[in-house]
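For reference, the chains in residue letters:
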Amino acid sequence: AYIALVAVVVAGSGGWQIHRGGLGDDLLGAIHGGLRAAGIEQARFVHVPLVSSLSHALHEHAVDVYLSSFPIDGARANVEVAAAGVPHLRYRREGGTGPPGGFPVAGSVVWSTWGQLREILATLHDRAVLEEKSKLSRGTYDRQHHPRVFAATLDDILAGGAGWVDPDADARDVKARS
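Counting of residues starts from 1 at the beginning of each chain's written sequence and follows it residue by residue. At least 70 in pLDDT is required for a residue's local features to be given in this predicted model, at least 80 for side-chain atom pairs to be given and counted, and no such filter applies to totals for whole chains, interfaces and linings, which use all residues. Heavy atoms from the whole structure form the basis of all side-chain values; hydrogens and water molecules are not counted.

**Describing the side chain of H88**
Each helix is a run of H or I in the DSSP string that is no shorter than four residues. Each strand is a run of E no shorter than two, and both are numbered from the N terminus. Tracing the sequence through the fold places H88 in strand β4 (residues 88-91). Exposure classes here rest on a 1.4 Å probe applied to the protein chains alone. A residue is buried below 20% of its type maximum, exposed above 50%, and partly exposed in between. On the accessibility criterion, H88 (2% relative accessible area) is buried. In this structure the side chain of H88 is engaged in a polar contact, spanning 2.6 Å, whose partner is the side chain of S68. The definition of a polar contact used here is a pair of N or O atoms within 3.5 Å, where within protein one atom must be able to donate a hydrogen and the other to accept one, and adjacent residues in sequence count solely through side-chain atom pairs. Reaching out from H88, the side chain makes a polar contact with the side chain of N78 at a distance of 3.3 Å. Contacts: residue pairs with any heavy atoms within 4.5 Å of one another. If we skip the residues at most four places from it in the chain, H88 touches Y66, S68, N78, V81, V105, G107, S108 and V109.

**Details of the confidence of the model for the protein chain**
When the pLDDT values of the protein chain are averaged, the result is 84; 89% of them are 70 or greater. Of all secondary-structure elements in the protein chain, the lowest mean pLDDT belongs to helix α1 (residues 2-13), at 84, while helix α2 (residues 25-37) reaches the highest, 92. Here residues 174-178 is a poorly scored stretch, pLDDT under 50, and it has two contacts once near neighbours within four places are set aside; other chains count. Across the chain, each position has a pLDDT score giving the predictor's confidence in that residue, from 0 to 100.

**Here's the deal with the layout of surface pockets**
Throughout, the protein atoms alone are placed on a 1 Å grid, and a set of points is a cavity if a 1.4 Å probe fits but cannot get out or a pocket if it is open with protein on both sides within 12 Å along at least five of seven lines; lining residues have an atom within 4 Å of a point. Grid points are joined across faces, edges and corners, and a volume is the space filled by probe spheres set on the points. By volume, the largest pocket amounts to about 810 Å³. Along its surface, the largest pocket is lined by 31 residues, and W16, Q17, I18, V63 and V65 are the ones closest to its centre. Residue assignment for the lining of the largest pocket shows that the elements contributing at least two residues are α1, β1 (17-20), α3 (54-60), β3 (66-67) and α6 (127-144).

**A few points about the sheet that holds β3**
Strand order in the open sheet formed by three strands is β3-β4-β5, with parallel pairing between adjacent strands. Both outer strands of the open sheet, β3 and β5 (109-111), are each paired with one neighbouring strand and no more. Should DSSP find at least two bridges between two strands, the strands are taken to pair. As judged from the two bridges shared by β3 and β4, these two strands associate in the parallel manner. Of the residues in β4, the one forming a bridge with L67 is L89.

**As for helix α7 (residues 147-158)**
Helix span, as expected, comes to 1.5 Å for every residue beyond the first. Helix length check: α7, at 12 residues, gives a terminal C-alpha distance of 16 Å against a target of 16 Å (1.5 Å per residue), a fit within 8%. Where α7 ends, the next residue or the one after it, G160, has phi of about 95 degrees, a positive value.

**A look at the packing of helix α4 (residues 75-84) against α6**
The convention used is that axes are lines fitted to C-alpha atoms, helices contributing only their stretch in contact, and that angles between N-to-C directions extend from 0 to 180 degrees. It is the contact of α4 with α6, at a shortest axis distance of 7 Å, that shows an interaxial angle of 115 degrees. Like other packed secondary-structure pairs, α4 and α6 cross with a definite hand, here left-handed. In contact with V79, V81, A82 and A83 of α4, α6 contributes S137, R138 and Y141. For a crossing to be left-handed, the near helix must be turned anticlockwise from the far one by less than a right angle; the clockwise case is right-handed.

**Brief notes about the nonpolar core**
Core analysis: the largest hydrophobic core is formed by 22 residues, its most contacted members being L5, V6, I31, F45, L89 and L117. Breaking this core down by element, the ones donating at least two residues are α1, α2, β5 and α5 (114-123). If you tally residues by element for this core, the top one is α1, at seven residues. By size, the runner-up hydrophobic cluster in this structure holds seven residues, among which are L54, V81, A84 and V86. Grouping buried Ala, Val, Leu, Ile, Met, Phe, Trp, Tyr and Cys residues that are joined through side-chain atoms within 4.5 Å yields what is termed a nonpolar core.

Structure follows, in structure tokens:
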């Protein structure tokens, strides 16, 4: 499925896909073969095996849109993408409810089918749309994950309070168990 995803993203965006993280030689070869079969230059897929900070890598590579890990995204990556203020494409299985991974990010766009992904990619060529989604994404980070939020939460807990209350808890399809 990932091989097909790469071709859809590269063709639909008109740009490049930068893959951050490990890829075995067999998978990398299959991705290049999938791009060739779709008539897409292999150079439009860039593999960056390891980064110490996703947030910094997104800026370093001038990433316009982040496509979450597929089919399951990661909480740390979601926070780093929001910190970078990069618009976020996230997968949710067809028929799923609530935010992907239980973690809402304002400004993110959710897709479930290849057709939806193609339609979304077609709308993300507009610089104004990207800038608005970027502001919303960074706003999520500032409201929920910035170090000052952590410090205030810790101060509240140490003073006997309940700490930070997640404003999106009711929107999640996965609830914490006591």
